[in-house]
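# Descriptive structure summary
Spelled out, the chains give:
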Amino acid sequence: MWKTVLRRILIMIPQLIILSMLVFILAKMMPGDPFSGMINPNSDPKTIARLKQEYGLNDPAWVQYTRWLGNLLHGDLGQSYIQKVPVASLIWDRAVNTFWLSLLTVILTYAIAIPLGISAGRHQDQWQDQSIQVFNYITFAVPAFVFFILGLWLFGFTLGWFPISGSVSGDVNPGTFAYYWSRLYHMLLPAILTALITTTGTVQYLRTGIVDNKVEDYVRTARSKGVPEKVVFNKHILRNSLLPIAAFFGNTITGLLSGSMVVEMVFSYPGMGKLFLDSISQRDYTTLTALILIFGILTLIGNLLSDIIMSIVDPRIRVK
Amino acid sequence: MAKEKENKNTETNQQPSLPPSGFKVVVREILRDKVAMVAFTIVVLILLLTFGGSLLLSGQNVTEINVADAYYGWGEAGHLLGTDDGGRDILKLVIVGGRNSILIGLAVTVITECVGLVIGLITGYYGGTVDGIIMRIVDFIQILPQMPIIIVLTTVIPNYNAFTLVWLVAMFGWTTTVRYYRSFILSQRGRDYVLASKTSGSSDLKIMFREVLPNITSMIIIDVVLTVAGNIGIETTLSFLGYGLPTTTPSLGTLIGFANDPVNVTTRPWLWLPATILLLLISMSINYVGRALQRAGDARQREN
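What counts and how
Residues numbered from 1 in each chain as written. Chains lettered and ligands numbered in written order. Predicted model: local features only at pLDDT ≥ 70, side-chain atom pairs only at ≥ 80, totals over all residues. Helix = DSSP H or I, 4+ residues; strand = E, 2+ residues; numbered from the N terminus. Buried ≥ 20, exposed ≤ 12 C-beta atoms within 10 Å, placed from the backbone. Contact = placed C-beta atoms within 7 Å. UniProt positions renumbered as here; feature names shortened; annotations may be inferred. Core = buried A, V, L, I, M, F, W, Y, C linked by C-beta atoms within 7 Å. Nonpolar A, V, L, I, M, F, W, Y, C, P; charged D, E, K, R; others polar. Expected span 1.5 Å × (residues − 1). Axes fitted to C-alpha atoms, helices over the stretch in contact; angles between N-to-C directions. Parallel < 35°, antiparallel > 145°, perpendicular 65-115°, else oblique. Left-handed = near helix turned anticlockwise from the far one by under 90°.

## Quick word on the overall build of chain B
Within chain B one finds 13 helices and zero strands. Reading chain B from its N terminus to its C terminus gives the helix and strand order α-α-α-α-α-α-α-α-α-α-α-α-α. Looking at the 304 residues of chain B, the share that counts as buried comes to 40%. Counting only contacts in chain B whose residues sit at least 6 apart along the sequence, the fraction spanning at least 24 positions is 70%.

Below is the structure:
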């Protein structure tokens, strides 16, 4: 199994290199340079030109690329054009916010999707299955941002059950219980809505898995051996049907990351997606470059995790 | 001459003995499904409303700003759905915006289907190294953060317009289509009819486009319908975030974007609610038709 994991990690290296090249090209397409963040009305154009020369901005592209990559490996993501602080420190707080929101969303997604998928597969073509299919069709068909807007309008503005924006109320002190409760409370509505709309794939895979596995030979064998129905379902059918969900895990992470922009915008939640949108409207290109790189790396890691989990739960796909 | 005619006659005579064509079964199955018929009717009505309405409005400049008329409510001053901050009539914006969003969705789908189908046929049919290389590229594009990259490109590309947007979305979309067709064609590669055609000396191109392609017509219809819905979703999401269609071109996403302002959400629902409802209707009806087609396609596979 370690061979599979090792091989999978090795595949990631060329992917990372190509990703970094793409991001570098994208960064070069953006106007401005690392000194725009330091320029003020008093700075002398000659000094800027000298600085540019000194820092090698007139070097050939590949020299600049390797230097940029070297800085990245040392954790130096550059200086924000607008906020005039290191990008890394700017992103860190937001990344923490996005992490907690995503974690809550993932937990809720599986908490909703797995019972629904099992119920639909178990009661195939009965009313449970049919209503879950309708639910699944709705979550598949409705665009996420419409779902968020309507949810915010109904539960945030009209009913007033949840806060409408931000990540924490202003009147609580950090460190107290009220503070953590307020943070959780602010994450609940976005997390529930995102979770509901992300369940589609998992429910569908689980249902299909159970329906297909029910009629397999090994299930019939187990039944004819006299294995109790409950054990047949939980140990034989369910375990095999959960495999595709492991494969789908990376997909869920990717979806959450690309979805973070929309959900954080609608709920004005200060995470990485919101930072990305703010940076682009302020033309803060160093922050943008760093964020795209981070989004890309996280997606790669999501896929890596997915494949590794697959090789753990399904011995058939391991490298011999 | 006479012989050729005879050949044609025997060919047409043979038709009934063959299993019904994919398209016919799909149509038959759809006609049976009452809800799908309703969904299909809604799609047609929306197309008539948006495209017909846009034709009627073609003489007017719906995005012309007239601040004196700003923020009329429902039905005030002859504006059935009120006006926005620039005094533009919401009903007209919804009609033109709906048409634009559907057109973008269609345009992206045409590109991704053509590219995806051809590349899918090639990778699936040849397999081996060709398949290996193309699929590595497809894998890589699929793990790129699509939304952030598109958004950055929309801001750095000079002369950005609706066509640029179509190409940007299509640049990522074709990979899904390739995967969809490739898996099916891989399964057809070893089938008797392909091998028979190969033995009798048909060229690879002929086998791909004359033998395999007709077998996937129902798959193409299904994928086109579902992809159009998906692409409308992508365009409206981008416009909603403010980086889709340029502000001078109305889009449902831009209109729904009015809801980003808390004041608009609570006190001016006419700004964003009509566009939201239209987009919901579009996505839900197109997706329902797509799913019904999918079920019909499965039914056809059962019959074979």
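## Structural notes on the overall build of chain A
Counting secondary structure elements, chain A contains twelve helices and zero strands. If you list the helices and strands of chain A from N to C, you get α-α-α-α-α-α-α-α-α-α-α-α. The principal-axis extent of the C-alpha atoms belonging to chain A is close to 85 × 55 × 35 Å. When the 320 residues of chain A are sorted by exposure, 35% land in the buried category.

## Quick word on the UniProt feature "transmembrane region" (unreviewed entry) in chain B
All names here are of chain B. Mapped onto the present numbering, the UniProt feature "transmembrane region" (unreviewed entry) falls on residues 35-57, 102-125, 212-234 and 270-290. What you have in residues 35-57 is 96% helix and 0% strand, and the ends, taken at the C-alpha atoms, are 32 Å apart. Across residues 102-125, the secondary structure splits into 100% helix and 0% strand, with the terminal C-alpha atoms separated by 33 Å.

## Considerations on the nonpolar core
Formed by 111 residues in total, the largest nonpolar core has its most connected members in Phe148, Val262, Val266 and Leu291 of chain A together with Ile256 and Val289 of chain B. With 14 residues, helix α13 (residues 269-303) of chain B is the single largest residue contributor to this core. The contact partners of Val266 of chain A, leaving out residues within four places of it in the chain, are Phe145, Phe148, Ile149 and Leu152 of chain A. Counting 13 residues, the second largest nonpolar core, distinct from the first, contains Ala113, Leu116, Phe233 and Phe249 of chain A.

## With respect to the UniProt feature "domain: ABC transmembrane type-1" (unreviewed entry) in chain A
Here, UniProt's "domain: ABC transmembrane type-1" (unreviewed entry) annotation points to residues 95-306 of chain A. Measuring from the first to the last C-alpha atom of residues 95-306 of chain A gives 21 Å, for a span that is 82% helix and 0% strand.

## A look at the UniProt feature "domain: ABC transmembrane type-1" (unreviewed entry) in chain B
Sequence positions flagged by UniProt for "domain: ABC transmembrane type-1" (unreviewed entry) are, in local numbering, residues 98-290 of chain B. Taken end to end, residues 98-290 of chain B has its terminal C-alpha atoms 19 Å apart, with 81% of it in helix and 0% in strand.

## A short note on the interface of chain B and chain A
Across the boundary between the two partners, chain B contributes 30 residues, which contact 33 residues of chain A. Of all the elements in the fold, those that place two or more residues in the side of chain B that touches chain A are α6 (146-156), α10 (217-241), α12 (262-267) and α13 of chain B. Here the side of chain B that touches chain A gets eight residues from one element, more than from any other, and that element is α6 of chain B. A per-class count over the side of chain B that touches chain A returns 19 nonpolar, ten polar and one charged.

## Quick look at the UniProt feature "transmembrane region" (unreviewed entry) in chain A
Residues and elements named next belong to chain A. UniProt's entry tags residues 9-27, 99-118, 138-164, 184-206, 242-267 and 287-313 with the feature "transmembrane region" (unreviewed entry), counted in the numbering of this structure. Secondary structure content for residues 99-118 is 100% helix and 0% strand, and the end C-alpha separation is 28 Å. The distance from the first to the last C-alpha atom of residues 184-206 is 29 Å, and the span holds 100% helix and 0% strand.

## Some points on unusual backbone geometry
Here Ser268 of chain A, not a glycine, exhibits a phi torsion of approximately 40 degrees, which is positive. Counting through the fold element by element, Ser268 of chain A comes out in the loop between α10 (243-266) and α11 (272-281). Phi at Asn159 of chain B is positive, roughly 55 degrees, even though this residue is not glycine. Residue class for Asn159 of chain B comes out exposed when judged on the 6 C-beta atoms lying within 10 Å of it.

## Things to note about α10 of chain B
For α10 of chain B, which comprises 25 residues, the first-to-last C-alpha distance of 36 Å matches the rise-based estimate of 36 Å (1.5 Å per residue) to within 8%. Following α10 of chain B by one or two positions, Gly242 of chain B adopts a phi angle in the positive range, close to 100 degrees.

## Things to note about α11 of chain A
Among the ten residues in α11 of chain A, seven count as buried, and that is most of the element. Met272, Gly273, Lys274, Leu275, Phe276, Ser279 and Ile280 of chain A are the residues of α11 of chain A that are buried. Of the surrounding elements, those touching the buried residues of α11 of chain A are α4 (87-122), α10 and α12 (285-313) of chain A together with α6 of chain B.

## Considering the packing of helix α5 (residues 128-142) of chain B against helix α7 (residues 162-188) of chain B
All names here are of chain B. Packing of α5 against α7 brings their axes to within 9 Å, and their N-to-C directions diverge by 130 degrees. Our classification of the angle between α5 and α7 gives oblique. Of the two elements, α5 crosses α7, and the hand of that crossing is left-handed. On the side of α5, the interface is formed by Val138, Ile141 and Gln142, while α7 contributes Phe172, Thr175, Val178 and Arg179. For the contact of α5 with α7, a count of residues per class yields four nonpolar, two polar and one charged.

## What to know about the environment of Ile30 of chain B
Residues and elements named next belong to chain B. Locating Ile30 in the fold gives a position in helix α2 (residues 22-32). On the basis of neighbour count, Ile30 is assigned to the partly exposed category, with 17 C-beta atoms found within 10 Å. In sequence terms Ile30 and Ala292 are 262 residues apart; their C-alpha atoms lie 6.6 Å from each other. Those residues in contact with Ile30 that lie beyond four places of it in its chain are Ala36, Ala292, Leu293 and Ala296.

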